[in-house]
Amino acid sequence: MPKHYRPPGKKKEGNAARYITRSQAVKQLQVSLPVFRRLCILKGVFPREPKKKVKGNHQTYYHLKDISFLQHEPLVEKFRDIRAYDKKVKKALAKKNRDLANRLLTRKPSYTLDRLIRERYPKFIDALRDLDDCLTMVHLFAALPALERERIPAKRIHHCRRLSHEWQAYISRTHKLRKTFISVKGIYYQAEVQGQKITWLTPHAMQQVLTDDIDFNVMQTFLEFYETLLAFVNFKLYHSMNVNYPPILDSRLEALAADLYALSRYFAANPVATMEDSQVVSSSGSEQAEVQQKGTQPDESELRLAQLQHQLPSNEPGALMHLVEDAAGEDEDDEETMKCKSLFKNMKFFLSREVPRESLLFVIPAFGGVVSWEGDGAPFKESDQSITHQIVDRPTQGHIFLSREYVQPQWVYDCVNALIILPTEGYMVGRVPPPHLSPFVDNEAEGYVPEYAETIKRLQAAARQEVLPMPGVGNEDLDDPQNLLVEGVISRTEANEAAERKRKMSILEKQYHDELKMELQGIQYSSSVSNMNKQISVEDTGAREEPVPDLQQIAEDTVNMSKVVMSRKKRRLYEAMQIGKERKRSNVNLLKERKKKIEAAQTSQKN
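The structure reproduced in this document is the subject of the present report. Remember, it's a predicted structure, so these values are computed and weren't measured experimentally.

1. Description of the overall build of the protein
Phase 1: The secondary structure content of the protein amounts to 28 helices and nine strands.
Phase 2: Residues counted as buried form 35% of the 607 residues belonging to the protein.
Phase 3: Taking as baseline every contact in the protein between residues at least 6 positions apart, the subset at least 24 positions apart corresponds to 62%.
Phase 4: Accessible area of the protein: about 37,900 Å², with a carbon and sulfur share of 52%.

Given below as C-alpha cells:
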C-alpha cells in the first residue's frame, strides 16, 4: 500500500485539509475570478505557501478558513446584485428600451466599505501601522491623468487629491514631519503620528504616462479600499483636535494656487456677505426659523463656510493648515516636535515658478516657516522686503534683492533632514549643490560615512555646543582591536596599529594621573619628570620586547572552533552572513575608490 494512500470517503488530513487552490475557491464561492480577486483585496485575504503543495507547485493556495470567511461576506450578495443589475441594463439597451434603461440607471445598487474598515482595524493604531501603502497609492492617483479608457474618472482623481491635501494639512500643522528625500521615483516623506512612523512616496509633479502592462482594475480595487481608510484616519485625526471634518475647499482658489491647502475665502473677497453670514451664524434658532419663513434661507454650503470663517486667517497661505493651528498648539509637544516647529521660525520664503511648489508648501510650514508663491492667491508678493529666502532653480535672475538669500530647493530638504540651518554658500544659484544624502540610510551600519555627512555632523555638534573627537581618532582607538578584528571591521595591520596607539594612550594617561598625584603631594616637577621619563623608557622597552599577539590567527582559531560545534543549518546561515558582510565591505571599498578618483580628478583640474 502506498505511503500516502487515503481510502475513499476518509476525511482529509494535513495540508490537503487546511489549504485550497484558487480554482477550487472560485468554484466554492460561485463567483467569477475578477470578483474573487476583488473580495480578497477588500477583505485582506492573501495567498499562502504551504510546506507541501498537494495539487502541484503551479497552483495558488489559500487557507480554507479564509475562504469560509469570504463565503459569509455580505459583499458577495451585493456583487451578485450588481451583476444582475448590469445584465438588466444591457438587455434593456439591446431592446432599445431607453425608458426602462433610464429607470434602471437611477436604481443602481451601491455599497460602502465602512464595516470592513472597522473589521480589519479594530483600533486606530492598527490603521496607522497600515497607512504606508495607502498614502502612496492615494498620492499616486492624485497625480495621474483622468482617462476614460482605463476607467479612471476625474471625480476619483479629485477625491484622491483632496484626501492627500487633508492628510498633509494635518501633518504640516501639527509638525509631525520628520524626514524627506528626493529620489528618481519621487519624494519620500516620513511622519510620526502617535508614536508610529509612517513613510510614503509622492510622484514628481510632471506629466504621467500610463503604460499598457499595468492592470488598473486591481489598482483601483486597492484604491477603493484605501480611500475609505484614509477618510476614516483623517476624520479621527481632525476630530482629535476639535476640528470639523471634512473642511471646505474653494475650487476657484485651489485652481489659482495650483497646490495644496487652499480653504474657501469667498467671504474675505466680499466683506458685506461676510457680515451678513456671520449674523446668520450667530442668530438663534427662532431667527433662523423667521429667515426660512421669509424664503431667504441661505445655502447649506454658505452656512458651513460662515461657521468656519471666524477661524480662518485671511492673509496667509494654506488656509486648511491654519484651520487646525489653534487646536494643534494646545497639545503638549515633545522635544522633537518643538525642534521641528522652530527650525524655520522667523523665516519667510518665496517660491519661484520652476521649483516643486506643492512639496515645498508642505515641507516649509511643517517646520515653522512662512511661504508664498508666484501667482494669484499668494499671501505676499515677491517685492516684499521681509522675505529672507527665495527658492530658485534657474541660473539667472531678472531682479535680485540684496535683503534676501537665493538658494536652491535642495537646501530646504537638507536642513529638514539635519534639523539645523545649513550654510547657504554651497546651495547658491548656479553652483553644483552638495550631495543629497538619504536620511533613511544608517551610515555607521553601512560602514561608509560620506564626507558631507561628517560635515553635517560637525555642524550639528556645534549647534548643540558639543565637542566631537578629532578626525584622526576613531572608534578603533577606543574599542578593543581584537574584537574589531574578529568582527571584520578592521584588517590585521589596522588592528596592530590600533593596539599600539591604545598602549601609548594608556601610558600617557597613567603619566597624567601620576603628575596630578605628585602635584597634590608637593613634589617638585623637575625631579619627578626625570624619574618619570626613565620609568616610561624602561616600560616602553619592556613593552616592545613583548611580542605582539597575532590577532588574525586568534580570530581564525576562534571562528574555526565555533564552526566545529555548529550544526549544518547554523553553519550555512553563518556562511551566508559572512558573504553579506564581504559584499558590504566590497561596496564600501568601491565607494572609497570612487572618492579617491574624484579627488584626484579635481586636483588635476586645479593644477
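2. Things to note about helix α2 (residues 22-29)
Phase 1: Every buried residue belonging to α2 is among Ala25, Val26 and Leu29, and all of these are buried. Around the axis of α2, the buried residues are gathered within 100° of arc, so they sit on the same side.
Phase 2: Structurally, α2 contributes buried residues whose contacts are with β1 (19-21), α3 (33-43), α4 (64-71) and α5 (74-94).
Phase 3: Just downstream of α2, Gln30 is the residue with a positive phi angle, here 60°.

3. Here we look at the pattern of salt bridges
Opposite charge on two side chains permits them to pair, given that their charged atoms come into close proximity.
Phase 1: By the definition in use, this model includes 18 salt bridges.
Phase 2: A salt bridge links Lys348 to Asp384, with the shortest nitrogen-to-oxygen separation between them at 3.1 Å. Placement of Lys348 in strand β6 (residues 348-351) and of Asp384 in the loop between β7 (370-373) and β8 (389-391) is noted, with a sequence separation of 36 residues between them.
Phase 3: When its relative accessible area of 21% is taken as the criterion, Lys348 is described as partly exposed.
Phase 4: In this structure, Glu582 engages Arg585 in a salt bridge whose closest nitrogen and oxygen atoms are separated by 2.5 Å. Highlighted residues: Glu582 and Arg585, both in helix α28 (residues 568-606), separated by three residues, approximately one helical turn.
Phase 5: For Glu582, a relative accessible area of 45% corresponds to the partly exposed category.

4. Let's talk about the pairing of strand β5 (residues 196-202)
Phase 1: Of all the seven residues making up β5, five are buried; the element is thus mostly covered by neighbouring parts of the structure.
Phase 2: A loop of two residues connects strand β4 (residues 187-193) with β5, the two strands running antiparallel in sequence, and Gln194 in this loop sits at a positive phi of about 55°.

5. So, the environment of Leu422
Phase 1: Checked against the element boundaries, Leu422 lands in the loop between α21 (409-418) and α22 (443-446).
Phase 2: Its relative accessible area of 2% is what places Leu422 among the buried residues.
Phase 3: C-alpha separation for the pair Leu422 and Gln460, spaced 38 residues apart in sequence, amounts to 9.3 Å.
Phase 4: Once residues within four sequence positions are removed from consideration, Leu422 is found in contact with Trp411, Asp414, Cys415, Tyr427, Tyr452, Ile456 and Leu459.

The rules we used
Numbers given for residues are sequential positions, taken from 1 along each chain in its written order. The model is predicted, so local features are restricted to residues of pLDDT at least 70 and side-chain atom pairs to those at 80 or more, both for listing and for counting; the totals for chains, interfaces and linings are taken over all residues. Values shown for side chains rest on all heavy atoms present in the structure; no hydrogens or waters enter the calculation. By the criteria applied, helices consist of DSSP H or I runs no shorter than four residues and strands consist of E runs no shorter than two, each listed in order from the N terminus. Summary of the burial criterion: residues with accessible area below 20% of their type's maximum are buried, those above 50% are exposed, and those between are partly exposed, where the area comes from a 1.4 Å probe applied to protein chains only. Throughout, a contact is declared for two residues whenever any of their heavy atoms are within 4.5 Å. Accessibility throughout is a Shrake-Rupley quantity obtained with a 1.4 Å probe, and a residue counts as covered only by protein chains that appear here. Directions from the helix axis toward the C-beta atoms define the arc. Only one rule defines a salt bridge in this text: a Lys or Arg side-chain nitrogen within 4 Å of an Asp or Glu carboxyl oxygen. Two strands pair if DSSP finds at least two bridges between them.

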